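Overview (structure and organization)
One-letter residues, chain by chain:
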Amino acid sequence: LTEYSDILATQTAYTYQGAAAGYTAQTGTTVGSPVSQSLQSRLDSYCVVTDFGATGDGVTHDTAAINRALYQLYCVQANPQIRRSLFFPAGSYLITNTILVPPYAMLYGEGPQSSILNFFVAAWTNTVAYASGVLVKSGGLYYRSNFAVPAGTSLSDQIDGQYYWGNISTGAADSLPGYIMRTASSTQQTGVNIVSPYEPQNILVSNMNMVTNQIMDGLLIERAHDCSFTNVGIKGPLTTSTLTVATDDIAAVRWASTSALVDNHVNFENCSVSGFTYGTNTQQQIEGIVFSNCKFDTLYQGVYLGGATPVN
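In this numbering scheme, every chain counts its residues from 1 along its sequence in written order. Local features are withheld for residues below a pLDDT of 70 in this predicted model, meaning they are given only at 70 or higher, and side-chain atom pairs are given and counted only at 80 or more; totals for whole chains, interfaces and linings count all residues. The basis for every side-chain value is the complete set of non-hydrogen atoms in the structure, without hydrogens or water.

A closer look at the overall build of the protein chain
What the protein chain contains, in helices and strands, is three helices and 21 strands. In terms of overall dimensions, the protein chain has C-alpha extents of about 70 × 55 × 40 Å along its principal axes. Remark: exposure states derive from per-residue accessible area (1.4 Å probe, protein chains only) relative to the maximum for the residue type, with buried under 20%, exposed over 50%, and partly exposed in between. Per-residue burial over the protein chain gives 41% buried out of 312 residues. Whether two residues touch is decided by their heavy atoms; if any such pair falls within 4.5 Å, the residues are in contact. Across the protein chain, every contact between residues at least 6 apart in sequence was considered, and the portion connecting residues at least 24 apart equals 65%. A total accessible area of about 15400 Å² is found for the protein chain, and carbon and sulfur atoms account for 52% of it. Charge-centre separation for the protein chain: the mean point of 11 positive side chains lies 3 Å from the mean point of 20 negative side chains. Runs of H or I in DSSP of at least four residues are treated as helices and runs of E of at least two as strands, each being numbered from the N terminus. The Shrake-Rupley method, run with a 1.4 Å probe sphere, supplies the accessible areas, and residue values consider only the shown protein chains as cover. The charged-residue count follows a simple rule in which Lys and Arg add positive charge and Asp and Glu add negative charge, with His and chain termini not counted at all. For the purpose of locating charges, the reference atoms are NZ of Lys, CZ of Arg, CG of Asp and CD of Glu.

Dropping the structure here:
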């Protein structure tokens, strides 16, 4: 009877009751005229990253699903009505490429020990299948899959004349992305493609953890303003035994400005950083940056400003 019916679209019987408090809240002007809404409307009041295919199971590669969610929620249309907050239920979200956070995005999880963005690059093996876009490491080099790769294939195998793994035909390898997460424009563009008035702004990230097993930076704040990170962890791969020198030169938080778009008014509250050469490092001009009640641990240096040749 319901095979071709959209039950959620027709259901208008949802009424908030608050029964857990021991009584029914009065949502309308009288007890007999409660305010109701469709179930579809109620469920659409916020968005869950699993709606876009992310799993958080620690096995499935979730990069494409997360970036697609951010694009669809914050880049397709400019009207603020579609800017639903994006919820990350507890889980380990396996990623092998940078998460691109556009203006007005709000990402939140269930705590740094529960909702984890895990940038993990595994050693390539031909005994398992890989999804499209997955980064692997072999012989000290990185390779990213161009298509879904079935088990039993080699790095040089092809499908319809195309190599499963990028740039194998030229002998060149892919490169490790520079960051776990970075701010982006309103079309998820980065670098020189970030221009006013579409620069990163009003980004809120809370109750999450970013982890990587690779020698790379954690978070890049690029040409951004009016952003906030609360109860966020950023954990790198370095240990006390490898942090006696600054050779690896990776930072939990790094900054990039131009003279026209200076990073400004960015707050970190109750965050923790560890396992990097620097807690935060910049040679760029920055203004109004606040770290408050944050924990800096297992680093070569906590805060490094200026460097040998400051720019912009």
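Alright, that's what it looks like, and here's the rest.
Considering helix 3 (residues 63-74)
The α-helix winds at 3.6 residues per turn, so residues separated by three or four positions along the chain end up facing the same way. For a helix, the expected span equals 1.5 Å multiplied by the number of residues minus one. For helix 3, built from twelve residues, the straight-helix expectation of 16 Å at 1.5 Å per residue is met to within 8% by its first-to-last C-alpha distance of 17 Å. Taken as a whole, helix 3 has its buried residues at Thr-63, Ala-65, Ile-66, Asn-67, Ala-69, Leu-70, Leu-73 and Tyr-74.

A few points about the nonpolar core
Judged by nonpolar contacts, the single largest core of 49 residues is most densely connected at Ile-66, Leu-70, Leu-86, Phe-88, Leu-107, Leu-117 and Phe-229. For this core, the element with the highest residue contribution is helix 3, accounting for six residues. In this structure Leu-70 touches Cys-75, Leu-86, Ile-99, Leu-100, Val-101, Pro-102, Ala-105, Leu-107 and Gln-188, once residues within four positions along its chain are discounted. Residues belong to a common nonpolar core when they are buried Ala, Val, Leu, Ile, Met, Phe, Trp, Tyr or Cys residues joined through side-chain atoms within 4.5 Å. Listed in part, the eight residues of the second largest apolar core include Tyr-130, Val-149, Tyr-164 and Trp-165.

Here we look at the sheet that holds strand 9 (residues 135-138)
Where strands meet in a sheet, backbone hydrogen bonds hold them as pairs that are either parallel or antiparallel. Any two strands with at least two DSSP bridges between them are considered paired. The sheet built from three strands is open, its strands ordered 8-9-10 with mixed pairing. Edge positions in the open sheet fall to strand 8 (122-123) and strand 10 (141-144), since each of these has one partner strand only. As judged from the two bridges shared by strand 8 and strand 9, these two strands associate in the parallel manner. Paired with Ala-122 across the strands is Val-136, a residue of strand 9.

Examining the pairing of strand 10
As judged from the four bridges shared by strand 9 and strand 10, these two strands associate in the antiparallel manner. Bridging across to strand 10, Leu-135 finds its partner in Arg-144. If you look at the hairpin formed by strand 9 and strand 10, you'll find two residues sitting between the two strands, and Gly-139 has a positive phi there, around 60°.

Details of the state of the cysteines
Criterion for a disulfide: a pair of cysteine sulfur atoms within 2.5 Å. All chains considered together, the criterion is met by zero disulfides. The structure places no disulfide on Cys-75, whose sulfur is separated from the nearest cysteine sulfur, that of Cys-47, by 13 Å. Residue classification places Cys-75 among the buried positions, given a relative accessible area of 12%. The cysteine Cys-227 is free of any disulfide, with Cys-271 supplying the nearest cysteine sulfur at 13 Å.

Concerning the side chain of Arg-254
By the secondary structure assignment, Arg-254 is in strand 17 (residues 251-256). Residue classification places Arg-254 among the buried residues on the basis of a relative accessible area of 15%. In this structure the side chain of Arg-254 is engaged in a polar contact, spanning 2.6 Å, whose partner is the side chain of Asp-217. For this analysis, a polar contact is any N or O atom pair within 3.5 Å, provided that within protein one partner can donate a hydrogen and the other can accept it, and provided that sequence-adjacent residues contribute only side-chain to side-chain pairs. Engagement of the side chain of Arg-254 in a polar contact is seen with the backbone oxygen of Asp-249, the distance being 3.1 Å. Apart from the residues lying within four places of it in its own chain, the contact partners of Arg-254 are Asp-217, Leu-219, Leu-220, Ile-221, Asp-249 and Asn-281.

What to know about the packing of aromatic side chains
Put simply, two rings from Phe, Tyr or Trp (the six-membered ring, in Trp's case) pair if the centres are within 6.5 Å, and we call them stacked under 30 degrees between planes, edge-to-face over 60, tilted for the rest. A complete count under the given rule lists nine aromatic pairs for this structure. Aromatic side chains Phe-268 and Phe-291 sit 4.6 Å apart centroid to centroid with 5° between the ring planes, which places their arrangement in the stacked category. Placement of the pair is Phe-268 in strand 18 (residues 263-269) and Phe-291 in strand 20 (residues 286-292), with a sequence separation of 23 residues.

Structural notes on a nonpolar patch on the surface
On the surface, Phe-296, Val-303 and Leu-305 cluster together into a nonpolar patch covering about 280 Å² of accessible area. Mapped onto the elements, Leu-305 comes out in strand 21 (residues 295-305). Here Leu-305 falls in the exposed class, since its relative accessible area comes to 58%. Patches were defined on residues exceeding 30% relative accessible area and lacking a salt bridge, with like-charge contacts within 9 Å and nonpolar side-chain contacts (Val, Leu, Ile, Met, Phe, Trp, Tyr) within 5 Å. Throughout this description, the term salt bridge denotes a Lys or Arg side-chain nitrogen within 4 Å of a carboxyl oxygen of Asp or Glu.

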